[in-house]
Structures are given as C-alpha cells and as structure tokens.
Amino acid sequence: SELEARPARHDLAIATPVGPVSASASPAGPATRVGEGALRRIDDDIADVQRRHCIPLTRFTNAIEVPAHATLFYVSAQIGADTRGILRQGGHPQCDAAFSNLKRTLEASGRAMGDIVKLTVTMVHGKCSLAEYRMSEGQFLASDALPVVSLVFVAALATPNILVQLDAVAAA
C-alpha cells in the first residue's frame, strides 16, 4: 500500500497545521524539528493521505505530542449560553458563545486557547451548520496552534435548544 511504501516520519513536526484543502493539494510544507519539552504538532503519512483523498471539514492538526511534565486540563460541555446563562438563538451565535465560554474557562485557570490540544465539537445535525461553526472557529483558534479536532453531528444534545457543545483538553 501507499503507506507501507513510504518511511514513517514520527520524529518530525509540521509548521503548518492541516486546513480545508482541495483533494489535489500538496502536503502542508516542510517539516521542522521541535524543541525538547514543547508540544509537538505532528504531520505524518496519514495526514498526507487525508490531504490527497478527502477535504477536511474543519482546520486541525493531525497529532499532538504532549510532554510528560505538562499538566492536562479538561473542559466539559461548553454550550452556547451567554454569561447570564441565557441560551443564544441560532447556530452561529451559539458557536460564538460556546467558544467564548471555553476561552473564559481556560483563562480563569491561567491557560489560553493556544493550549488546547484536543477539541471535540458536537453539533445538532440540521440545526447548526458547518459554515456557522467555521465562522466562530476562525475567530477563536489561531492557525499556528490548531488542536486535534473531532467533529460530530448528533440528533440532539441534552436539551432541545442546545445546538453545539465544545469539550476540550488543554496542556500547559
């Protein structure tokens, strides 16, 4: 197979995370070694295959290595409610509010959005669109510090009016 024919590059990290690309795009760029003890955003052969054969639904880093001395911080179920607890109406306003809540939670613990290593995005199918999510994502996630992302569409979340939920793992 194509993966067996090429040597693995597990000792390399890529400077440019994966983003929405066309199926014919070339790999993201030259690989660079990363300093000892730092987070490593890793581009490997699987990411190359993903770039060639499918269009990612969102921007992401293929893999991140967290150093042993890092402290992990887990954030659960940030939803699209404002600071008064009022649920915003519509997909994009809820995505903005969920990202704002995630940012506020991280900052309250001395962390930042760039510390996120894993983001799970759960959206209600047919009520919150990928385009609405992408608008918010672009405002809150820096292109040079993208996390590993899982994007899931479901029939419903905890209550009928919740359209998006963000779960995150940060490392610092």
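Note that the coordinates shown come from a computational prediction; the quantities given were computed from them, not determined experimentally.

Conventions we followed
- Residues numbered from 1 in each chain as written.
- Predicted model: local features only at pLDDT ≥ 70, side-chain atom pairs only at ≥ 80, totals over all residues.
- Heavy atoms only, no water.
- Helix = DSSP H or I, 4+ residues; strand = E, 2+ residues; numbered from the N terminus.
- Expected span 1.5 Å × (residues − 1).
- Buried < 20%, exposed > 50% of the residue type's maximum accessible area, 1.4 Å probe, protein only.
- Contact = heavy atoms within 4.5 Å.

Helix length check: helix H3 (residues 91-108) (18 residues) gives 26 Å between terminal C-alpha atoms against 26 Å at 1.5 Å per residue, within 8%. Those residues of H3 that fall on the buried side of the exposure criterion are Gly91, His92, Gln94, Cys95, Asp96, Ala97, Ala98, Phe99, Asn101, Leu102 and Leu106. Residues of H3 that are buried sit in contact with strand S5 (72-79), strand S6 (116-124), helix H4 (130-140) and strand S8 (164-171). Positive phi shows up at Gly110, right after H3, with a value of about 80°.

The next subject is unusual backbone geometry. Both trends apply: most residues other than glycine have a negative phi, and most peptide bonds are in trans. The phi angle at Ala77 is positive, at roughly 45°, despite the residue not being glycine. As for its placement among the helices and strands, Ala77 is situated in strand S5.

Following the sequence through the fold, Leu106 ends up in helix H3. Spatially, the C-alpha atom of Leu106 lies 8.5 Å from that of Phe73, the residues being 33 residues apart in sequence. Not counting residues up to four positions away in its chain, the partners in contact with Leu106 are Phe73, Val75, Arg111, Ala112, Met113, Ile116 and Ala170.

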